[in-house]
Amino acid sequence: ENRWSGEYVHVSHTDSKVGLIELDRPKALNALCDGLMLEVAKALDEFDADKSIGAVIITGRGRAFAAGADIKEMLPLNYAQVAGGDFLAHWGRVSKNTKPVLAAVNGFAFGGGCELAMMCDIMYASDKAVFGQPEIKLGTIPGAGGTQRLTRAVGKSLSMEMCLSGEPIKADQALVAGLVSKVVPGDQLLNEAHKTAAKIAEMSQLTTAICKEAVNVAFESTLAEGVRFERRMFHATFGTEDRREGMSAFAEKRKANFKDC
Ligand code: CO8
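Nothing here was measured: the structure is a model prediction, and the numbers come from that model.

Rules behind the numbers
- Residues numbered from 1 in each chain as written.
- Predicted model: local features only at pLDDT ≥ 70, side-chain atom pairs only at ≥ 80, totals over all residues.
- Heavy atoms only, no water.
- Helix = DSSP H or I, 4+ residues; strand = E, 2+ residues; numbered from the N terminus.
- Rg over C-alpha atoms; globule rule 2.2 N^0.38 Å.
- Buried < 20%, exposed > 50% of the residue type's maximum accessible area, 1.4 Å probe, protein only.
- Contact = heavy atoms within 4.5 Å.
- Areas by Shrake-Rupley, 256 points an atom, 1.4 Å probe, with all protein chains shown as cover.
- Near = heavy atom within 4 Å.
- Polar contact = N/O pair within 3.5 Å; in protein donor to acceptor, adjacent residues only side chain to side chain.
- Nonpolar A, V, L, I, M, F, W, Y, C, P; charged D, E, K, R; others polar.
- Pairing = 2+ DSSP bridges.
- Axes fitted to C-alpha atoms, helices over the stretch in contact; angles between N-to-C directions.
- Left-handed = near helix turned anticlockwise from the far one by under 90°.
- Expected span 1.5 Å × (residues − 1).

A. Inspection of the overall build of the protein at higher detail. Along the backbone of the protein there are 11 helices and 11 strands. For 261 residues, the compact-globule estimate of 2.2 N^0.38 gives 18 Å, and the protein sits close to it at 19 Å. C-alpha atoms of the protein, sized along the principal axes, occupy 60 × 45 × 40 Å. For the protein, buried positions account for 45% of its 261 residues. Summarising the internal contacts of the protein: among those between residues at least 6 apart in sequence, 67% fall at separations of at least 24. A total of about 13,900 Å² of accessible surface is found on the protein, and carbon and sulfur atoms cover 57% of it.

In structure tokens, the structure reads:
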């Protein structure tokens, strides 16, 4: 069901507790101008605050997921303007989402588009998807996590190759490299993404938030710290009713009915 359409995005939800954000700026291959990212942030804020939503999908309409930050918007800016205003710092909103976010990458994911997808928790790709960090060709470098998240996802050599040459990789290579966890034909992408998002949305929202936070600690800590954090969070789930419900449901051979508390 439709919720609202902004100038650049369409926001809707399904009966299975999944929120959908579709980027739709056809004239610029969904290039991520400031207005578009503000609409994405607004949609995420609404879904995060909405108890009826358990997971969110971000995808693009047309042949692009997103062809990057808006080059024409950036062209006239100088150092003082970008550094002084901390240009595009609000993009970080996507990686701070409490509820799980799945990127369904339908086509070009270049520059900021690839970075936006990598800010999401899970990435699925259409067989037509292409991933690249072409900023070097524009005389700049990735600015929203490209050099960092890509390196953690695919390792140093491929990340260096992509960032230094600007050459993109196709979906099959992204799968082998571990950048995405599934590649499907384009017409099945949303359906596959929705199946997974709906499964996640059936879980306790309290527990998915804790689980996501624990996985993310793996990127920001040593193994010993991460394992300690995970154990404490595991202990913390024993303070929830949903943990008792989940284990009771297993023992009673029935489906769990989580209440997010
Ligand atoms: N910004 C603005 N407009 C764009 C962008 C973009 N990133 N990408 C495409 N467009 C526009 C084109 O200008 C064109 O407009 P028009 O019809 O008015 O000329 C329209 O979209 C269609 O594009 P093309 O004609 O180029 O379509 P093609 O099929 O020939 O090519 C490509 C598709 C290969 C995707 C090509 O459009 C391309 O290379 N785009 C630019 C990709 C790129 O360099 N992206 C990186 C941008 S820099 C960046 O993302 C930095 C992020 C930093 C974040 C910092 C946060 C703090």
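Read on for the rest.
B. The site of the ligand, seen in detail. Near the ligand you find 24 residues, and of these R63, A67, A69, K72 and G112 are the closest. Here an oxygen atom of the ligand and a side-chain polar atom of R63 are 2.8 Å apart. The contact in question runs from an oxygen atom of the ligand to an N or O atom on the side chain of K72, over 2.9 Å. Of all the secondary structure elements, the ones that give two or more residues to the shell around the ligand are α2 (71–74), β7 (108–110) and α4 (112–119). Ranked by residue count, the leading element in the shell around the ligand is α2, at 3 residues. The class makeup of the residues in the shell around the ligand is 14 nonpolar, 4 polar and 6 charged.

C. Quick peek at the sheet that holds strand β10 (residues 169–170). Judged by pairing direction, the sheet is mixed, and its 4 strands sit side by side in the order β5-β7-β9-β10 without closing on themselves. What marks the edges here is a single partner per strand, and that holds for β5 (64–66) and β10. Across 2 bridges, β5 lies against β7 in parallel orientation. Its bridge partner lying in β7, A66 is registered against A109. Sheet strands touched by α4: β5, β7 and β9 (130–132). Its angle to β7, the strand with the most contacts, is close to 95°.

D. Structural detail: the environment of I200. In this fold, I200 is placed in helix α8 (residues 189–201). As for I200 and S12, which are separated by 188 residues in sequence, their C-alpha atoms are 18 Å apart. Beyond its immediate chain neighbours, meaning those up to four positions away, I200 contacts G54, A55, P100, I122 and T208.

E. Region of interest: the packing of helix α5 (residues 146–154) against helix α6 (residues 156–165). Packing of α5 against α6 brings their axes to within 7 Å, and their N-to-C directions diverge by 145°. The two elements α5 and α6 cross, and the hand of that crossing is right-handed. Of α6, the residues touching α5 (which contributes G146, T147, L150, T151 and V154) are K156, L158, S159, M162 and C163. A breakdown of the residues in the contact of α5 with α6 according to their chemical character gives 5 nonpolar, 4 polar and 1 charged.

F. How the structure looks around helix α9 (residues 205–217). For α9, with 13 residues, the first-to-last C-alpha span of 18 Å sits near the 18 Å given by 1.5 Å per residue. In this fold, the buried residues of α9 make contact with β6 (101–105), α8 and α10 (223–237). Between a side-chain oxygen at the N-terminus of α9 and the backbone nitrogen of L206 the separation is 3.3 Å; the capping residue is S204.

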